[in-house]
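# Architecture at a glance
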Amino acid sequence: MKHCILVTGGAGFIGSNFVLDWLAQSQQSVINLDKLSYAGNLQNLASLQGDARHVFVHGDIGDSDLVAKLLSTHQPRAVVNFAAESHVDRSIHGPEAFVQNNIVGTFRLLEAVRSYWQTMDVEGRAAFRFLHVSTDEVYGSLAPDEPAFTEQHPFEPNSPYSASKAASDHLVRAWHHTYGLPVLTTNCSNNYGPLHFPEKLIPLVIVNALALKPLPVYGDGQQIRDWLYVKDHCSAIRRVLQAGRVGETYNIGGWNEQANLSIVRTICELLDRMAPRADGKPYQEQITFVTDRPGHDRRYAIDARKVEQELGWKPQETFESGIAKTVQWYLDNQDWVAHVQSGAYRDWVHTQYGAAIAQGQAGAA
Ligand code: NAD
Ligand code: TYD
């Protein structure tokens, strides 16, 4: 398939948004390799059914034979690596899957890509790109008065998730410096938007609010994250892939630092207007403070000047416009929510929050 790209993890939250956006604006096909973990969902890609430009392959980035076969068959001009275990709380309960998928998986993918890249002609090798999608969490936690993370900030990961992503970033860097593989790395802040699995803060709060369940806020709710609408992250990745300097890393963020409690309150206020409770009470009544996450990072903030100044990328959405679109998407897509809230999802909610929140009704907590 001429001029296609290989996307890994393209059935997850950001990957599926990326594939949908890519095919909406490019003639280049997508080979989409995803192992369909609990977070991967083919329903995210349902609108692409029958579109010959999208080839879905069910498999693992750690399956070297499969990846080698896909690369030699389809001859992609780039690989965009989203595939990873992505949830900090799950990494605390079960870190091994993070080591396996994020570190070993990325290592095997890099090796398969390196072998393929070495078979290309000079022109193909020069044009090829391996774009690794990573997170701001590799940089650790900021004090209130510290400047936002630049690309020079040391890696100080604190959770099994962020440590596994930091390790994969290091491998990607080393494959460039040692073998010359033309890599790019993006380190992005917290994403939100459509198709977000409801284990993460924003979708969890929306779906719990509508189900009249408690809205769990860890600790004092004053931890700060820098939020970016997922479509803006996708446009940044496209731009870095197109024009990023080989071997460089680019921080991606929305200049939008907010405390968790403020995010939860904003969602409640939006829902009060867009889908008021039948009893007329405010959704904020459902806010419930719960035990803090162990090792909880206090603050993340991204300095996105490099990608803005070098590549001219800027986010399109403000937080106000993005969060309103997101809440509307969940109101319009309750079937999707019901589908992803399978037995396995219920087990997770029980493990993480206990019975009171898993089954709780408003005011019960
Ligand atoms: P997600 O958990 O929603 O999706 C991950 C996808 O990868 C799933 O479809 C899963 O099935 C697939 N996958 C996992 N391991 C795999 C493997 N070994 N082989 C093939 N497929 C595999 O995650 P997301 O939120 O969409 O994040 C995507 C990427 O972006 C991750 O690398 C994550 O670290 C990074 N990132 C996420 C955020 C965020 O806020 N969600 C922010 C910055 C960076
Ligand atoms: P999350 O969406 O899990 O992303 P990350 O941990 O990668 O930043 O969490 C965002 C913030 O919200 C984080 O500080 C933890 C907090 N949080 C809660 O307060 N309650 C919850 O139920 C969840 C899932 C997260």
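Before any of the text, the structure's been laid out above.
Description of the structure in this document.

About the cut-offs
Residues numbered from 1 in each chain as written. Chains lettered and ligands numbered in written order. Predicted model: local features only at pLDDT ≥ 70, side-chain atom pairs only at ≥ 80, totals over all residues. Heavy atoms only, no water. Salt bridge = Lys/Arg side-chain N within 4 Å of Asp/Glu carboxyl O. Helix = DSSP H or I, 4+ residues; strand = E, 2+ residues; numbered from the N terminus. Buried < 20%, exposed > 50% of the residue type's maximum accessible area, 1.4 Å probe, protein only. Core = buried A, V, L, I, M, F, W, Y, C linked by side-chain atoms within 4.5 Å. Contact = heavy atoms within 4.5 Å. Near = heavy atom within 4 Å. Polar contact = N/O pair within 3.5 Å; in protein donor to acceptor, adjacent residues only side chain to side chain. Areas by Shrake-Rupley, 256 points an atom, 1.4 Å probe, with all protein chains shown as cover. Nonpolar A, V, L, I, M, F, W, Y, C, P; charged D, E, K, R; others polar.

## Quick look at the pattern of salt bridges
With the rule as written, the count across this model stands at 14 salt bridges. Ionic pairing is found between Lys-231 and Asp-21, a salt bridge with its closest N-O pair at 3.0 Å. Taken together, the positions of Lys-231 in helix α8 (residues 230–243) and Asp-21 in helix α1 (residues 13–25) put the pair 210 residues apart, joining distant regions of the chain. Assessed through its relative accessible area of 27%, Lys-231 is described here as partly exposed.

## Topic: the nonpolar core
Within the largest apolar cluster, 73 residues are counted, with the highest numbers of intra-cluster contacts made by Phe-18, Val-80, Ile-252 and Ile-267. In this structure Ile-267 touches Ile-202, Val-205, Ile-206, Ile-323 and Val-327, once residues within four positions along its chain are discounted.

## Looking at the site of ligand 1
Ligand 1 sits among 28 residues. The nearest are Ile-14, Asp-34, Ser-86, Tyr-161 and Lys-165. Between ligand 1 and the protein, one listed contact pairs an oxygen atom with a backbone N or O atom of Ile-14 at 2.7 Å. If ligand 1 stood free it would expose 840 Å²; the protein chains cover 97% of that surface. Looking at the shell around ligand 1, the elements with two or more residues in it are α1, β5 (129–135), α6 (160–179) and β7 (190–192).

## Some thoughts on the site of ligand 2
Neighbouring ligand 2 are 18 residues, the closest being Glu-137, Arg-225, Arg-293, His-296 and Tyr-353. The contact in question runs from an oxygen atom of ligand 2 to an N or O atom on the side chain of Glu-137, over 2.5 Å. In this structure, Leu-201 approaches ligand 2 through a main-chain N or O atom, which is 2.9 Å from an oxygen atom. The protein chains hide 97% of the 520 Å² of surface that ligand 2 would expose on its own. Broken down by element, the shell around ligand 2 gets its largest block of residues, 3 residues, from strand β8 (residues 215–218). Of the residues belonging to the shell around ligand 2, the class tally is 8 nonpolar, 5 polar and 5 charged.

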